[in-house]
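Observations on chain architecture
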Amino acid sequence: MHKLVIPLLILIPVVLFAQQKPLDAVSIQRIKNSVMQTAESTKTISSDFTQEKEMAILNDKIISSGKFYFKQENLLRWEYIHPFSYIITLCGNVINIRDDGQTREFNTRSNKLFAEINKIVVGSVRGTLLNDSENFKANYSQNQQYYIVNLIPQSEKFRESLQKILIYFDKTDFSVDQVELFESGADHTKITFTNKKINLPLPDEIFDLK
Amino acid sequence: MKYLILSNVILICSLAGCTSIKPRNLGPVPPPPSASYQLPTANCRLPTFFTDPSFQKALFKASMDIRDYHLTGLVFMKKILDTRYGIRDTGYGMRDLGSCVYRVVFSNELGMTFFDFEISADSMQVIYCFEPMNKKPMLKILGTNFRLLLGTHMTEEPCLWFFQRETGNLVGKDKSDHFKRWSTFSPAGDTLYSVACKSTFADATRISFTQYNLGFPGKIRIENPFVKLKLSLTLLSLN
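Quick summary incoming for the structure in this document.

Scanning chain A for helices and strands turns up four helices and twelve strands. In chain A, which comprises 210 residues, the proportion classed as buried is 44%. Put simply, of all contacts in chain A between residues at least 6 apart along the chain, 44% involve residues at least 24 apart. Roughly 11400 Å² of accessible area belongs to chain A as shown, and the carbon and sulfur atoms make up 55% of that amount.

Below is the structure:
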């Protein structure tokens, strides 16, 4: 029995550190303030991303990767490189998609589905979704590396598609490292941002696919 | 009243004509080039890309045009049950259907699911379908499309063979469930170009296969002319 004690003593702190701990109100407000300050001071973001869609029942994963660009206030370029080529850019209310060599334009004013996706994507990546208390209820926790915000849609209709969103904020700089989207079934999508470059010059032209 | 009925009949006939998917210009098969030549198969239970024992799963880049919607993303198809090799757990309990069962998942590039179906020879179970497409007529059409594509239709009668005069292609006609089906092959009978089926003009479906690589089509196109649905699949990975 005593032979198990030392490995357990080593293992238990590791397990405890990996667990998420809830946060008190003061800490939550501090995090919200820091995330907003970071969002306001972040003029541009360039990063690589890896996206994993896990289909639980099928015990399978679809993995894709590419490059992500953001420029204040509302310019976004999401470029998939592997295993397919696909680019989506958001310029205010206008969405452009380049797929299979063809470019199409949509307006979020007339396309509610795109408008909602646009709001969630931009809000998740910038962390500004935390302040959307009208549409999301937020629960806060932390582990050793991240502050984790669990956003639950307030609308029952919305919850039929998306059960919750988890946003992982790096404790060192309050930037978003990871976003997880949980669908109403057991499937979920995890997007991880790596090789992040903040506030480097980005030309507006990369957000225009025409 | 008579003119109203007549105009409706004309309208329906016009629509039926517009949705014709039967290969054109068919005639009897000419004498075989040699004594050893045989028509492709005694029955037309095709396509077999997905019923082949070696098939496990495939990932496609997909785009779907239906009415005002243009959806793009990924289609993932996986064989989850093949009773020819024993009974397996599908995740919903043990099943023995005497054929193959597949899951077909269409999601956008960001991973959000448009639809998730379980397809077998005699049914389609809707695991999830996003609200704008979750209508009975639409689900029926999609079910027919995927059952035809996956080759889960069982053949009820032997194939009748025809020769397409303008192309030299071989066309096999048979019946499956209550659908009439036409399968178009290359002149040599070794490459499947398209499969078309319908029970009424409203559910007419045409599936074409191109860009073959190692016996599997690199591009698949599914069309329902009556509802103006087009689904294009480009193979990204196989097994």
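Grouped together as the largest cluster of nonpolar side chains are 50 residues, with contacts concentrated most on Phe68, Leu76, Trp78, Ile165, Phe169 and Phe193 of chain A. Excluding anything up to four places from it in sequence, Ile165 of chain A contacts Ile120, Ser124, Leu129, Phe136, Val149, Asn150, Leu151, Val179, Glu180 and Leu181 of chain A. Counting residues in each nonpolar core, the second largest holds 48 residues, with Met77, Met133, Ile141 and Phe209 of chain B among its members.

Our focus in this paragraph is the pairing of strand S2 (residues 57–66) of chain B. Within a regular strand, side chains alternate between the sheet's two faces. Residue and element names in this part refer to chain B. Within S2, eight of the ten residues are buried, which leaves the element mostly enclosed by the surrounding structure. Sheet analysis places S2 next to strand S3 (residues 69–82), joined by ten bridges and oriented antiparallel. Within S3, the position partnered with Met64 by the bridge is Leu71. Taken together, S2 and the strand that follows it, S3, pair antiparallel across an intervening segment of two residues, in which Arg67 is found at a positive phi of about 50 degrees.

With that settled, the discussion passes to the side chain of Glu52 of chain A. All names here are of chain A. Tracing the chain through its elements places Glu52 in strand S2 (residues 44–55). Given a relative accessible area of 17%, Glu52 falls into the buried group. Here Lys61 takes part through its side chain, which lies 3.0 Å from a polar atom of the side chain of Glu52. Setting aside residues no more than four positions away along its own chain, Glu52 makes contact with Lys61, Ile62, Ile63, His188, Thr189 and Lys190.

On to the interface of chain A and chain B. Contacts between chain A and chain B engage 29 residues on the former and 25 residues on the latter. If you look at where chain A meets chain B, you find three salt bridges. Here Lys78 of chain B makes a salt bridge to Asp60 of chain A, at a shortest N to O gap of 2.8 Å. On the surface where chain A and chain B come into contact, there are eleven residue pairs in polar contact (both at pLDDT 80 or more). For the side of chain A that touches chain B, the secondary-structure elements that each account for two or more residues are S2, strand S3 (60–71), strand S4 (75–82), strand S7 (102–107), helix H3 (112–126), strand S11 (176–183) and strand S12 (188–198) of chain A. Tallied by class, residues from the side of chain A that touches chain B come to 16 nonpolar, five polar and eight charged.

Thresholds, definitions, all that
Counting restarts for each chain, with residues numbered from 1 along the sequence as it is written. Written order decides the labels, with chains lettered from A and ligands numbered from 1. Given that this is a predicted model, residues contribute local features only at a pLDDT of at least 70 and side-chain atom pairs are listed and counted only at 80 or more, while totals for whole chains, interfaces and linings are drawn from all residues. The side-chain values count all of the structure's non-hydrogen atoms but skip hydrogen atoms and water molecules. Helix numbers and strand numbers start at the N terminus; a helix is a DSSP run of H or I with at least 4 residues, a strand a run of E with at least 2. Summary of the burial criterion: residues with accessible area below 20% of their type's maximum are buried, those above 50% are exposed, and those between are partly exposed, where the area comes from a 1.4 Å probe applied to protein chains only. We call two residues in contact when some of their heavy atoms are within 4.5 Å. All accessible areas in this document rest on Shrake-Rupley with a 1.4 Å probe, and a residue is counted as covered only by the protein chains that are shown. Definition of nonpolar core: a set of buried residues of the types Ala, Val, Leu, Ile, Met, Phe, Trp, Tyr and Cys, connected through side-chain atoms within 4.5 Å. In this description, strands pair whenever DSSP reports at least two bridges between them. The definition of a polar contact used here is a pair of N or O atoms within 3.5 Å, where within protein one atom must be able to donate a hydrogen and the other to accept one, and adjacent residues in sequence count solely through side-chain atom pairs. Each salt bridge in this description consists of a side-chain nitrogen of Lys or Arg and a carboxyl oxygen of Asp or Glu lying within 4 Å of one another. By the convention adopted, Pro, Cys, Tyr, Trp, Phe, Met, Ile, Leu, Val and Ala count as nonpolar, Lys, Arg, Asp and Glu as charged, and the other residues, Gly among them, as polar.

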